[in-house]
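# An overview of the molecular structure
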Amino acid sequence: MHGGNASGSSSPADRRLSALVRHLEGSSRDGIDAGNHSIAAAPTSGSYGGRNSVFDHVVMGPEDPILGVTVAYNKDPSPVKMNLGVGAYRTEEGKPLVLNVVRRAEQMLVNDSSRVKEYLPIVGLADFNKLSAKLILGADSPAVQENRVTTVQCLSGTGSLRVGAEFLARHYHQHTILIPQPTWGNHPKVFGLAGLSVKTYRYYDPSTRGLDFEGLMEDLGSAPSGAIVLFHACAHNPTGVDPTAQQWEQIRQLARSKALLPFFDSAYQGFASGNLDTDAQSVRMFVKDGGECIVAQSFAKNMGLYGERVGALSIVCRNADVAGRVESQLKLVIRPMYSNPPIHGASIVATVLKDRNMFQEWTVELKAMADRIINMRTQLFDALRSRGTPGDWSHIIKQIGMFTFTGLNSKQVAFMTKEYHIYMTSDGRISMAGLSSRTVPHLADAIHAAVTRLA
Ligand code: PLA
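Being a predicted model, the structure only gives us computed values, none of them experimental. (Residues numbered from 1 in each chain as written. Predicted model: local features only at pLDDT ≥ 70, side-chain atom pairs only at ≥ 80, totals over all residues. Heavy atoms only, no water.)

Taken together, 17 residues lie around the ligand, and S156, T158, N237, D265 and S298 are the ones closest in. Separating an oxygen atom of the ligand from a side-chain N or O atom of S156 is a distance of 2.5 Å. Here an oxygen atom of the ligand sits 2.6 Å away from a polar atom, N or O, in the side chain of Y268. Protein chains bury 93% of the 540 Å² of accessible surface belonging to the ligand in isolation. The element that contributes the greatest number of residues to the shell around the ligand is helix α6 (residues 156-171), accounting for 3 residues. Considering only residue class, the shell around the ligand consists of 7 nonpolar, 6 polar and 4 charged. If you count residues domain by domain, the shell around the ligand takes at least three from each of domain 1 (67-97 + 371-453) and domain 2 (119-354). (Near = heavy atom within 4 Å. Polar contact = N/O pair within 3.5 Å; in protein donor to acceptor, adjacent residues only side chain to side chain. Areas by Shrake-Rupley, 256 points an atom, 1.4 Å probe, with all protein chains shown as cover. Helix = DSSP H or I, 4+ residues; strand = E, 2+ residues; numbered from the N terminus. Nonpolar A, V, L, I, M, F, W, Y, C, P; charged D, E, K, R; others polar. Domains from an automatic or database assignment.)

Next comes the structure, spelled out in structure tokens:
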């Protein structure tokens, strides 16, 4: 079977298979040598003196569009190099940050000799799950109180999205998912490989550098009834453009009238405005109306736990009975994937969320990170203005969250990398969290040169 297509009538299993076929065909196309597949009788015994590998036909795959930027950056010996690719917070000194409250929680965990390293349940740490649901849905959320939310601890935001997608592919009647155009580059892969059929809805208008609200409403309005719709809860990646509260309300009404199933990706709660509740408003709006929805949460950015891989998937159901059955099926998704999640990161989060003082300390540290990013926006904007760089750069201060979607094209990006050792994704996205007062002038010089030399 070649070039299998996801026709309307195919099952999730068929679609998963054709997604895999496309994925594999893609990897051989991306490779340097897709020819000569004669692997007949390639032995595993080593009797060929190690010359022929059973993997000889494996071609070199491309680097990831985001994480590959860090790979290239690491290879550059220049002392002035800057990594503005991946969204990872850096201090004014350009160093990764472990929050004080996280260090404190870790000390407490280490000092507690009653703590052991047993397996967690398939769904993860119970305290962590309950507290994560309250964090995103609100401490007084009726949905949580009525026990109609099931929350499972997953491997950060990505793992939560994937578990949610696998569950939907198996148990939800509609397999079309609409994702914004553009969106985080991993979204189509996560959903497609789970067997969902991925379509896009209009989101960003390059001419205004703002939301294409009409396009969005039109595309959601013509979506198949019951389709899944992916929303970024706040701080849309890569555009930094979020709907206003009024627009969210219109989106909610439309989504509910068409029985669309909202799937929120919340990777930046607290990072957009500096306030955890403000950044959860979009999600809470959809929970308040009593309808169902799904939320994938990440603690990578807001608690700085990137490599600990801490996240949660919550499915808000109509009633506790449904939630219980949904949870039983989530366990069947998780068990053959990674059995059960790691204990350390979730214990840190639970320790911080459980304790009033530590929670308070976290919000202060979180606000400081968000404020520093906002400050970098102002500094970069001012630096470009003082250089008289052609163009309207006000979007730098208008956009929200970790990234600025600069509008620089891939040629300009390549120029900045080559001539100025500035690393960023080829779509012109820069991580504002990777900037500091010391490095803003270098970036402004590079942007100025790119814009004036390569229109
Ligand atoms: N969802 C969105 C919208 C994201 O931007 C990211 C991370 C994730 C989910 C996944 O995060 P997690 O699995 O680490 O919790 N995006 C980053 C990193 C910060 C990445 O690409 O993996 C980015 O630079 O876009």
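This next bit is on the nonpolar core. Counting residues in each nonpolar core, the largest one holds 62 residues, and the members touching the most others are M303, W362, L380, M416 and L443. If you list the elements that add at least two residues to this core, you get α3 (100-111), α4 (126-137), β10 (310-316), α12 (344-354), α13 (356-387), α15 (410-420) and α16 (440-453). With 10 residues, α13 is the single largest residue contributor to this core. Among residues more than four places away in sequence, those in contact with L443 are M82, L84, L380, M416, I422, I430 and L435. (Core = buried A, V, L, I, M, F, W, Y, C linked by side-chain atoms within 4.5 Å. Buried < 20%, exposed > 50% of the residue type's maximum accessible area, 1.4 Å probe, protein only. Contact = heavy atoms within 4.5 Å.)

In this section: unusual backbone geometry. Along the chain, Q181 connects to P182 via a cis peptide bond; the corresponding omega equals 0°. Residue placement: P182 occurs in the loop between β3 (176-181) and α7 (187-193). That bond from N237 to P238 is cis: its omega, 10°, falls within 30 degrees of zero. In this structure, R309 takes a positive phi of about 55° despite not being glycine. On the secondary structure map, R309 appears in the loop between β9 (293-298) and β10. By relative accessible area, R309 is classed as partly exposed at 34%. Positive phi, normally seen in glycine, also occurs at S339, with a value near 70°. Within the element layout of this structure, S339 appears in the loop between α11 (320-338) and α12.

Our focus in this paragraph is the confidence of the model for the chain. Here the chain shows a mean pLDDT of 92. Residues at 70 or above account for 92%. Residue range residues 31-40 is modelled with pLDDT below 50. Its contacts to residues more than four positions away, or to other chains, number 8 contacts. (pLDDT = per-residue confidence, 0-100.)

Enumeration according to the criterion identifies 16 aromatic pairs in this entry. Three or more aromatic residues joined by ring pairs make a cluster, and in this case those are Y201, Y203, F231, W248, F264 and F286. (Phe/Tyr/Trp six-rings, centres within 6.5 Å; stacked < 30°, edge-to-face > 60°.)

Take the packing of helix α8 (residues 213-221) against helix α9 (residues 245-257) next. Between α8 and α9, the least distance of the axes is 10 Å, while the angle of their chain directions is 15°. When the interaxial angle is binned, α8 and α9 end up roughly parallel. You can see that α8 and α9 cross each other, and the crossing is right-handed. Taken together, the residues of α9 that come into contact with α8 (itself represented by F213, L216, M217, L220 and G221) are Q247, Q250, I251 and L254. Tallied by class, the residues present in the contact of α8 with α9 amount to 6 nonpolar, 3 polar and no charged. (Axes fitted to C-alpha atoms, helices over the stretch in contact; angles between N-to-C directions. Parallel < 35°, antiparallel > 145°, perpendicular 65-115°, else oblique. Left-handed = near helix turned anticlockwise from the far one by under 90°.)

Okay, the domain arrangement of the chain next. What the domain assignment lists for the chain is domain 1 (67-97 + 371-453) and domain 2 (119-354). The straight-line distance from the C-alpha centre of domain 1 to that of domain 2 is 29 Å. Contacts between domain 1 and domain 2 engage 17 residues on the former and 15 residues on the latter. In total, about 1,300 Å² of surface goes out of reach between domain 1 and domain 2, with carbon and sulfur atoms giving 60% of it. Inspection of the region where domain 1 meets domain 2 yields 0 salt bridges. Elements represented by at least two residues in the side of domain 1 that touches domain 2 include exactly α13 and β11 (403-405). (Buried area = accessible area lost by both parts, 1.4 Å probe. Salt bridge = Lys/Arg side-chain N within 4 Å of Asp/Glu carboxyl O.)

Once that is clear, we can look at the pairing of strand β4 (residues 197-202). Pairing geometry for β3 and β4, over 6 bridges, is parallel. Paired with I179 across the strands is T200, a residue of β4. Handedness of the crossover joining β3 and β4 through α7: right-handed. (Pairing = 2+ DSSP bridges. Right-handed = clockwise from strand over helix to strand, strands pointing away.)

Okay, the UniProt feature "domain: Aminotransferase class I/classII large" (unreviewed entry) in the chain next. In this structure's numbering, the residues bearing the UniProt feature "domain: Aminotransferase class I/classII large" (unreviewed entry) are residues 81-447. The span residues 81-447 shows a helical share of 45% and a strand share of 16%, and its end C-alpha atoms are spaced 15 Å apart. (UniProt positions renumbered as here; feature names shortened; annotations may be inferred.)

Packing of α13 against α16 leaves a shortest axis separation of 9 Å and a crossing angle of 50°. One element, α13, and the other, α16, form an angle in the oblique class. Considering only the axes of α13 and α16, their crossing is right-handed. Here M376, Q379, L380, A383, L384 and R387 of α13 come into contact with α16, specifically with V440, P441, L443, A444, D445, I447 and H448. Each residue belonging to the contact of α13 with α16 can be placed in one class, and the counts come to 9 nonpolar, 2 polar and 2 charged.

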